Amino acid sequence: MLNFDKSCVYFSHNLSPDYCDFLAGALQMSIVTDSEKYLGAPLLLGHSKLKSFDPIMQSFEARLKNYVSITLNQSGRSILIKSVLNSLPTYQMACFKIPTTLLSKLDSLQLNFWRDHKKGKGIKFVAWDSINQAKDLGGLGFRDLESFNTALICKLVRKIVTDDEELWVQILSAKYFEDCSILHLANLNENFSWIWRGIYKYHPPIPAEGLVNTVSYSYVSDLFIENTRSWNVHLIYYLFEKDCAEKIIDMSVPATGKDKLIWLPDRKGQFTVKSVYNVLSRGTNLTAGSNTVPAQVRKSLWKVQLPHKVKLFAWKCIRDIIPTRDKLSRYKNGIETL
């Protein structure tokens with residue numbers, strides 16, 4: 001069933017406005033405007049991607065505006081960031097690669113709100129990238145929006161690979177990778193859309209270039225001796241470096257069964273956005289804070305049955321970011337330390 005009250009139609013600019021109005025009237029649908037949205041996500045993207053996703057920034061500012069005149073301590077601001085601000089752009093991030101410039105602005109809004117700094121002014125004792133770290137790494141567990149966006153796009157790629165019977169996957173397949181799998185899509189055509197380029201950026205790596213007839217070796221079974229399940233040792237040493245070839249040959253191939261995709265970072269092989277995010281955030285950032293504090297201590301701190309503001313104060317003590325006179329004197333002159 002089609003709900004005409006919730007449906008709209010889009011026409012090419014090659015059609016005359018009068019003909020568009022006639023067809024829309026016949027279909028009893030409204031015509032899509034350039035600013036049309038679905039669940040907060042833009043239906044049409046213009047040349048300026050920042051302008052297309054500007055509603056995300058407006059949502060952040062609207063949420064923060066409600067707390068300008070309300071007394072909210074840093075503990076309360078931490079909870080607001082984690083439960084509200086970090087979740088606002090989730091739907092858009094699951095569909096699009098949000099411009100890095102916009103994500104930086106969102107991070108800046110969250111940072112200034114957490115520190116209670118107006119227009120970015122004030123002493124910053126700890127970097128925002130350090131605060132974004134997981135709690136067992138010395139941070140507060142705020143989301144790194146860039147890594148979270150990447151993790152959600154990876155989930156989209158995973159669905160394209162595994163849910164090939166879905167209608168939307170079949171449509172994408174017919175347009176972008178009709179003759180192969182997305183796993184083996186080597187190049188992008190110039191007419192590919194901006195949205196697809198954002199998805200393709202996070203598809204699995206393709207084989208190295210410069211080899212003879214690498215197109216013939218797309219699947220693991222291509223590395224077997226014909227009609228067997230044994231490795232073709234000579235071929236593997238020809239296609240790969242020695243270290244890589246030895247690792248491949250050491251893999252045992254079961255005599256029966258079908259191949260399936262597994263996610264190595266998860267012990268059960270299950271793909272989750274959380275596991276991807278953990279790989280990205282832990283792989284690119286260093287441990288925050290003092291390395292002398294064991295990770296188990298940092299993690300256990302947040303499980304203690306105490307008010308959040310007390311645990312936040314203890315965290316600041318561990319990080320040595322309490323604004324004492326001695327600490328402030330390092331940043332400003334004229335402050336007595338005694």
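Please refer to the structure placed before this passage.
Caption draft 1: Inspection of the packing of helix H4 (residues 74-85) against helix H6 (residues 100-115) at higher detail. Their axes nearest at 8 Å, the elements H4 and H6 cross at an angle of 155 degrees. As the angle between them shows, H4 and H6 are arranged roughly antiparallel. Only Gln110, Phe113, Trp114 and Arg115 of H6 make contact with H4, whose side of the interface consists of Gln74, Arg77, Ser78, Leu80, Ile81 and Leu85.

Caption draft 2: Representation of the pattern of salt bridges in the model. Counted according to the given criterion, the structure contains one salt bridge. Glutamate 146 is paired through a salt bridge with lysine 97; the nearest N and O atoms lie 3.0 Å apart. Residue glutamate 146 is found in helix H8 (residues 145-162), and its partner lysine 97 is found in the loop between helix H5 (90-95) and H6; the two are separated by 49 residues along the sequence.

Caption draft 3: Spatial organisation of the nonpolar core. Counting residues in hydrophobic clusters, the biggest one holds 37 residues, and the most contacted among them are Ile98, Leu140 and Trp315. Secondary structure elements with two or more residues in this core: helix H3 (54-65), H4, H6, helix H7 (128-131), H8, helix H13 (273-284) and helix H15 (308-319). Of all the elements, H6 adds the most residues to this core, at six residues. In this structure isoleucine 98 touches Phe53, Ile56, Gln92, Met93, Leu103 and Asn149, once residues within four positions along its chain are discounted. Grouped together as the second largest cluster of nonpolar side chains are twelve residues, Ile160, Leu172, Phe177 and Phe192 included.

Caption draft 4: Main features of the side chain of arginine 298. Among the structural elements, arginine 298 can be located in helix H14 (residues 295-301). With no salt bridge to any partner, buried arginine 298 finds its closest opposite charge in aspartate 136, at an N-O distance of 6.9 Å. A distance of 3.1 Å separates the side chain of arginine 298 from the backbone oxygen of aspartate 136, its partner in a polar contact.

Caption draft 5: Seen up close, the environment of leucine 156. Topologically, leucine 156 is positioned in helix H8. For the pair leucine 156 and phenylalanine 96, spaced 60 residues apart in sequence, the C-alpha separation works out to 9.8 Å. Contacts of leucine 156, omitting those with residues within four sequence positions, involve Ala94, Cys95, Trp168 and Ile199.

Caption draft 6: Structural context of the packing of aromatic side chains. Inspection of every chain in the model, using the stated rule, returns six aromatic pairs. Consider the rings of tyrosine 19 and phenylalanine 22, whose centres lie 6.4 Å apart with planes at 20 degrees: the pair is stacked. Taken together, the residues span about one helical turn, with tyrosine 19 and phenylalanine 22 both in helix H1 (residues 17-27) at a distance of three residues. The partly exposed category is assigned to tyrosine 19, whose relative accessible area is 41%. In this structure phenylalanine 22 comes out as exposed when scored by relative accessible area, which is 56%.

Parameters and conventions
- Within each chain, residue numbers correspond to sequence positions counted from 1 in written order.
- Restriction of local features to residues with pLDDT of at least 70 applies here, the model being predicted, together with a cutoff of 80 or more for giving and counting side-chain atom pairs; totals for whole chains, interfaces and linings are based on all residues.
- Note that the side-chain values use all heavy atoms of the structure and ignore hydrogens as well as water.
- Inter-axis angles, ranging from 0 to 180 degrees, are taken between N-to-C directions of lines fitted to C-alpha atoms, where helices are fitted over the stretch in contact.
- Counting from the N terminus, the helices are the DSSP runs of H or I reaching at least four residues and the strands are the DSSP runs of E reaching at least two.
- When an angle is under 35 degrees it counts as roughly parallel; over 145 it counts as roughly antiparallel; between 65 and 115 it counts as roughly perpendicular; any other value is oblique.
- The contact definition used throughout considers only heavy atoms, calling two residues in contact when any of these lie within 4.5 Å.
- Any carboxyl oxygen of Asp or Glu within 4 Å of a side-chain nitrogen of Lys or Arg constitutes a salt bridge here.
- Buried residues of nine kinds, namely Ala, Val, Leu, Ile, Met, Phe, Trp, Tyr and Cys, make up a nonpolar core once their side-chain atoms join them within 4.5 Å.
- Exposed residues in this analysis have more than 50% of their type's maximum accessible area, buried residues have under 20%, and partly exposed residues fall in between, with area computed by a 1.4 Å probe over protein chains only.
- Within this scheme the basic residues Lys and Arg register as positive and the acidic residues Asp and Glu register as negative, but His and the chain ends are omitted.
- Identification of polar contacts relies on pairs of N or O atoms within 3.5 Å, with a donor-acceptor requirement for protein atoms, meaning one able to donate a hydrogen and the other able to accept it, and with residues adjacent in sequence counted only if both atoms are side-chain atoms.
- Any two of the Phe, Tyr and Trp rings considered here, Trp counted by its six-membered ring, make a pair once their centres fall within 6.5 Å; the pair's planes then place it as stacked at under 30 degrees, edge-to-face at over 60, or tilted in between.

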